[in-house]
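Understanding the architecture of this molecule
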Amino acid sequence: MSEQSGGDRSTPDAAIPTVQTGDDGSGDTPVTRVFGIRHHGPGSARSLRHALEEFRPDAILIEGPSDADPLVGFVAADTMTPPVALLAYVPDSPARAAFWPFAVFSPEWQAMRYGVDHSVPVRFCDLPAANVLAAEDDARGAGSDPLAALASAAGYDDAERWWDAVVESVPDSAAFDAITEAMAALREDAAHTAPDASQPEDRITPQADDATQPDPPAPGVVAQPGDAPTHLSARPSGTAETAVPTPADEPVLTEKSPAATGFEALPSADRPDAAIAPLIVDQHTLVREAHMRQVMRQVLKGGAKRLAVVCGAWHAPALVEPLGPAAPDMRLLKGLPKTKAALTWVPWTHSRLAAGSGYGAGVTSPGWYHHLFTETERPVARWLTKVAGVLRRHDLPVSSAHIIEAVRLADTLAALRGRPLAGLSEVTEAVRSVMCGGDETMLRLVIDELVVGETLGGVPEDTPTVPLAADLRARSKTLRLKQEALARNIDLDLRKERDVERSHLLHRLRLLGIDWGTPTLGEVRSTGTFRETWTLRWEPEFEVRIVEAAIWGTTLRTAAETKILDTASRDDVTVTALADALEMALLADLGGATDGLITRLEAAAALDHDVTHLLGALPGLTRTLRYGDVRGTDTKALVHVADGLLVRICAGLPGAVTGLDTDAAVALRTQIDAAHTAISTRDDEHATAEWPATLQRIADRDDVHGAIGGRAVRLLCDAERIDDVESARRLAAALSIGNTPAAKAAWIDGFLGGRGLLLVHDRELLRRIDEWLRDLNEDQFVATLPLLRRTFGSFESGERRAISQALRDTGTAPTAADTPTAIDPIRGQLALRAATAILGAAG
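Residues numbered from 1 in each chain as written. Predicted model: local features only at pLDDT ≥ 70, side-chain atom pairs only at ≥ 80, totals over all residues. Heavy atoms only, no water.

**Considering the overall build of the protein chain**
In terms of regular secondary structure, the protein chain is built from 35 helices and 14 strands. For the protein chain, the residues scored as buried account for 53% of the 843 residues in total. Contacts spanning at least 24 positions in sequence make up 76% of the contacts within the protein chain whose residues lie at least 6 apart. By element, 53% of the accessible surface of the protein chain is carried by carbon and sulfur atoms, the whole surface being about 37,100 Å². (Helix = DSSP H or I, 4+ residues; strand = E, 2+ residues; numbered from the N terminus. Buried < 20%, exposed > 50% of the residue type's maximum accessible area, 1.4 Å probe, protein only. Contact = heavy atoms within 4.5 Å. Areas by Shrake-Rupley, 256 points an atom, 1.4 Å probe, with all protein chains shown as cover.)

Here's what the structure looks like:
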């Protein structure tokens, strides 16, 4: 590269004349311009677009995984809608994945769009994803944010505000040269880390970055504000769900560095004692820059005459200088770890661009940035109009006068702070003061829906992907299920064929760990078992889970069947888990798995002698018998399995209820309740006869914990197997003087637990319990109080009020019908005189 390629950095505008001179075709010397940008910055994106229009390159290099070059062509598709992300993963270990997100306001995206619109070749120049995914150890050094240093030098205590004032609010193509010159000065004073002697160069972990990171990183994450498309890696030790942002173009911010807690930690006039951590050019940065220079050499050797390089501002000085010999860079890159990697485009969301959101990219206000980039005319007024619309949708009174006053306040604040245009901080303060009246809850609505926002991108259907993802796309399109970032509820009527297919699809995805839909309670319940309600919300990380699930099959049905059978074949699987798996298989219409699950369940139930395990499996089997018929599935093979479980439960339960402490008795009582409910809903004569007989044997025993004995009596009363007289006799026996207060309280808890209306309608039962409580002495009452509190605390508040009203209005003392009523003659005479006087007056 000639001296002209770097430009004269003594003045910010020196590079522009140099470029124009090389454009006249008078010489053959290649001209290279390096544009140091800030990621996801609308001002940077707009300035870059202007600069490319001026420069008119014949080749463009973008900081990103160089093995993603074949995917650049998809940017031209009409259905490619940002935000999107490059996804790279290891085919044999999909949990090892990385993302490079792009929004419409990302400078890299605008560079790709420029290349597509002007038929200019576009390539990536950063370390390949194959190296990124192969690296395991972190070889970054600790340091500070260079933008923070520049902001401090300019008198700003917030690097975000400084960048907005210098670049974002005043788009200017000449700013790139000024930023590059400033970064070069910082790099001259920055420390350079040498390779660790104990750490071979082929073990360096490439990361990625964002230009600034104003928000604190997630707990336990080493945050690193940088300047390339943010690479978010999932480590081998976890799944894609545990992936964390690991930006790394800029010097690293450790958790102990001042900038790790936000740019508020930067020095300012108010905090003269504050200090900025030293800038460091670590080994990892040097490796990445070496690879970028190698790609630049390759492109220039291929005949490019006007090369544009779009990279993070921190790297710009290392690329504008004469490239020099290639040998040192080759030595630096030698021996880097490498693995097989597959790459594709996936949809992304604005919330996932926001910092601290799991797969965050360090952008605190993607919705605001999108607005700034797309609304070039009167952006503040248009933004505040959107804010008013959000507040009105939440039934909050906001008039046009509020908008006008908020615009005035935002502009005034910007003028007082010396800003050319009101930024997000000024606009937010205006919204808080004028539209929200200082209410932070109302302001939070604006931040969630507008400042961050939920916009889901889209990719072309022919984008390379695994067969399982293609099957999901096809099924979703057929069933008219649209992937959306915002949560929405759908009601499915299982009497309709399409809704049944939708239910099958969502259940299959849940079996594969892709929770696109979550079962929820719907508002419409009139159709009973024929209705399902789901909450749908698509998350970008589901793309990784789809890749992970692809090992089970090429379609959703075969993958779900294979996975559920694999789970059922494990040695440690319980009868309850098998029953639940069988229920899910029928809900998902996995006919190829039901026979194997039934066989496995029969074998496991025959070998399991624990009654609690059998009790836990019975409700799931009963629901399967019931709901399977609703969906038209064949459940005949399950009938004898359920009958066999019930026979073993009825035979073993009376012996299993003895010798239990309170906690074990309460847990077993819960299982008995669930089994009773399940058997009651099953229309089977044998089951409805055997189960009450078992409860009768339990109720007749004296060595059963009160929580279970009392509940057995209650369930028999509800089933009309014993009448009120018999239940009263059993209650009196339980409260007799021979039992301890704790045993009596346990029996009452079992008998009444969760059934407060019994005391409202059965005054005799209320009287007996009230008499028992009044007869307790102080020590006995204190001993039984915790259990009594739990019993009566489980009642609904309305039930407790009704019980109190019954005691207050009528008391609990009965009136004997055969007791003669005593007559008071004196009071009778007074009543007669009063009646005579009234009648006489009337006559």
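That shown, we press on.
**Some remarks on the pattern of salt bridges**
With the rule as written, the count across this model stands at 26 salt bridges. With its nearest N and O atoms 3.0 Å apart, the salt bridge here joins E501 to R475. Taken together, the positions of E501 in helix α19 (residues 497–511) and R475 in helix α18 (residues 467–479) put the pair 26 residues apart, joining distant regions of the chain. Through salt bridges that share partners, R49, E53, R113 and D117 make up one connected network. (Salt bridge = Lys/Arg side-chain N within 4 Å of Asp/Glu carboxyl O.)

**Description of the environment of S433**
If you trace the backbone, S433 turns up in helix α16 (residues 424–435). Overall, the relative accessible area of 48% leaves S433 in the partly exposed class. Linking S433 and L409, residues 24 residues apart in sequence, is a C-alpha distance of 9.1 Å.

**Remarks on the confidence of the model for the protein chain**
In the predicted model, the protein chain carries a mean pLDDT of 75, and the fraction of residues at 70 or more is 75%. Taken as a whole, residues 138–142 scores under 50 in pLDDT and shows 18 contacts with residues more than four places along the chain or in a different chain. Confidence drops under pLDDT 50 across residues 195–275; counting only partners more than four residues distant or on other chains, this segment forms 266 contacts. (pLDDT = per-residue confidence, 0-100.)

**Remarks on the sheet that holds strand β14 (residues 531–536)**
Ordered in space as β12-β14-β13, the 3 strands form an open sheet in which the pairing is antiparallel. Edge positions in the sheet fall to β12 (488–493) and β13 (517–520), since each of these pairs with one other strand and no more. Between one strand axis and the next, the sheet turns through 35° on average, direction left out of account. (Pairing = 2+ DSSP bridges. Axes fitted to C-alpha atoms, helices over the stretch in contact; angles between N-to-C directions.)

**Looking at the packing of aromatic side chains**
A complete count under the given rule lists 8 aromatic pairs for this structure. Plain terms: the ring middles of W516 and W538 are 5.4 Å apart, the flat faces sit at 85° to each other, and that makes the pair edge-to-face. Of this pair, W516 sits in the loop between α19 and β13 while W538 sits in the loop between β14 and α20 (542–549), and the two are 22 residues apart along the sequence. The same class applies to W516 and to W538, which are both buried. Among the aromatic residues, those joined into a cluster by ring pairs are F102, W109 and W345. (Phe/Tyr/Trp six-rings, centres within 6.5 Å; stacked < 30°, edge-to-face > 60°.)

**Observations concerning the state of the cysteines**
Each disulfide consists of a covalent bond between the sulfur atoms of two cysteine residues. Applying the stated rule across the entire model yields 0 disulfides. No disulfide involves C311; its sulfur sits 7.1 Å from that of C125, the nearest cysteine. (Disulfide = S-S within 2.5 Å.)

**Some points on the nonpolar core**
Counting 71 residues, the largest nonpolar core has L615, L653, I672 and W691 as the members making the most contacts within it. Ranked by residue count, the leading element in this core is helix α25 (residues 636–656), at 8 residues. Once residues lying within four places of it in the same chain are set aside, the contact partners of L615 are I649, L653, L668, Q671, I672, A675 and W691. (Core = buried A, V, L, I, M, F, W, Y, C linked by side-chain atoms within 4.5 Å.)

**Thoughts on the packing of helix α14 (residues 379–393) against helix α17 (residues 440–452)**
Running from N to C, α14 and α17 point in directions that differ by 115°, and their axes come no closer than 10 Å. For the element pair α14 and α17, the recorded crossing hand is right-handed. Taken together, the residues of α17 that come into contact with α14 (itself represented by W383, K386, V387, V390, L391 and R393) are M442, L445, V446, E449, L450 and V451. A per-class count over the contact of α14 with α17 returns 9 nonpolar, no polar and 3 charged. (Left-handed = near helix turned anticlockwise from the far one by under 90°. Nonpolar A, V, L, I, M, F, W, Y, C, P; charged D, E, K, R; others polar.)

**Describing unusual backbone geometry**
With omega at 10°, the peptide bond leading from P82 into P83 counts as cis. Relative to the assigned elements, P83 resides in the loop between β2 (59–65) and β3 (84–90). One non-glycine residue, R480, lies in positive phi territory at about 60°. Position of R480 among the secondary structure elements: in the loop between α18 and β12.

**Here's the deal with helix α26 (residues 662–681)**
Between its first and last C-alpha atoms α26 spans 29 Å; for 20 residues at 1.5 Å apiece the expected length is 28 Å, and the two agree. For α26, every residue scored as buried is listed here: A665, V666, L668, R669, I672, A675, H676, A678 and I679. (Expected span 1.5 Å × (residues − 1).)

**Some thoughts on the packing of α14 against helix α15 (residues 400–416)**
Where α14 contacts α15, the two axes come as close as 10 Å, and the packing angle between them is 140°. The orientation of α14 with respect to α15, classified from their angle, is oblique. Between α14 and α15 the crossing geometry is right-handed. Only S400, I403, A406, V407 and A410 of α15 make contact with α14, whose side of the interface consists of V380, A381, L384, T385, A388 and R392. Tallied by class, the residues present in the contact of α14 with α15 amount to 8 nonpolar, 2 polar and 1 charged. (Parallel < 35°, antiparallel > 145°, perpendicular 65-115°, else oblique.)

**Overview of the pairing of strand β10 (residues 306–312)**
Counting buried positions along β10 gives 7 out of 7 residues, so the element sits mostly inside the fold. Bridging between strand β1 (residues 31–37) and β10 involves 7 bridges; their strand directions are parallel. By the bridge assignment for β10, F35 is matched with V310. Sheet analysis places β2 next to β10, joined by 4 bridges and oriented parallel. Residue pairing for β10: A59 is matched across the bridge by L307.

**A word on the sheet that holds β1**
Sheet strands associate in pairs through backbone hydrogen bonding, adopting either a parallel or an antiparallel arrangement. In space, the 4 strands of this open sheet follow the order β1-β10-β2-β5, with parallel pairing throughout. Each of the sheet's edge strands pairs with one partner strand only, and the pair in question is β1 and β5 (122–126). Between one strand axis and the next, the sheet turns by 30° as a mean value, whatever way the strands run. Sitting on the sheet, helix α9 (residues 283–301) touches β1, β2, β5 and β10, and the angle it makes with β5 is about 150°.

**Remarks on helix α28 (residues 706–718)**
With 13 residues, α28 should cover 18 Å at 1.5 Å per step; its first-to-last C-alpha distance of 18 Å lies within 8% of that length. Within α28, 12 of the 13 residues are buried, leaving the element largely enclosed by the surrounding structure. Listing the buried residues of α28 in full gives G706, A707, I708, G709, G710, R711, A712, V713, R714, L715, L716 and C717. Of the residues flanking the end of α28, it is E720, one or two places downstream, whose phi is positive at about 60°.

**Concerning the side chain of R297**
Locating R297 in the fold gives a position in helix α9. For R297, a relative accessible area of 16% corresponds to the buried category. Polar side-chain contacts of R297 include one of 3.3 Å to the backbone oxygen of G324. Among all residues touching R297, those that are not within four sequence positions of it are L323, G324, P325, A326 and D329. (Polar contact = N/O pair within 3.5 Å; in protein donor to acceptor, adjacent residues only side chain to side chain.)

**Topic: the side chain of H705**
With respect to the helices and strands, H705 occurs in the loop between α27 (685–699) and α28. A polar side-chain atom of H705 sits 3.5 Å from a polar atom in the side chain of T662. Within the structure, the side chain of H705 is placed 3.1 Å from the backbone nitrogen of A707, a separation counted as a polar contact. Ignoring any residue separated from it by four or fewer positions in sequence, one finds H705 in contact with V657, L660, D661, T662, A665 and A746.

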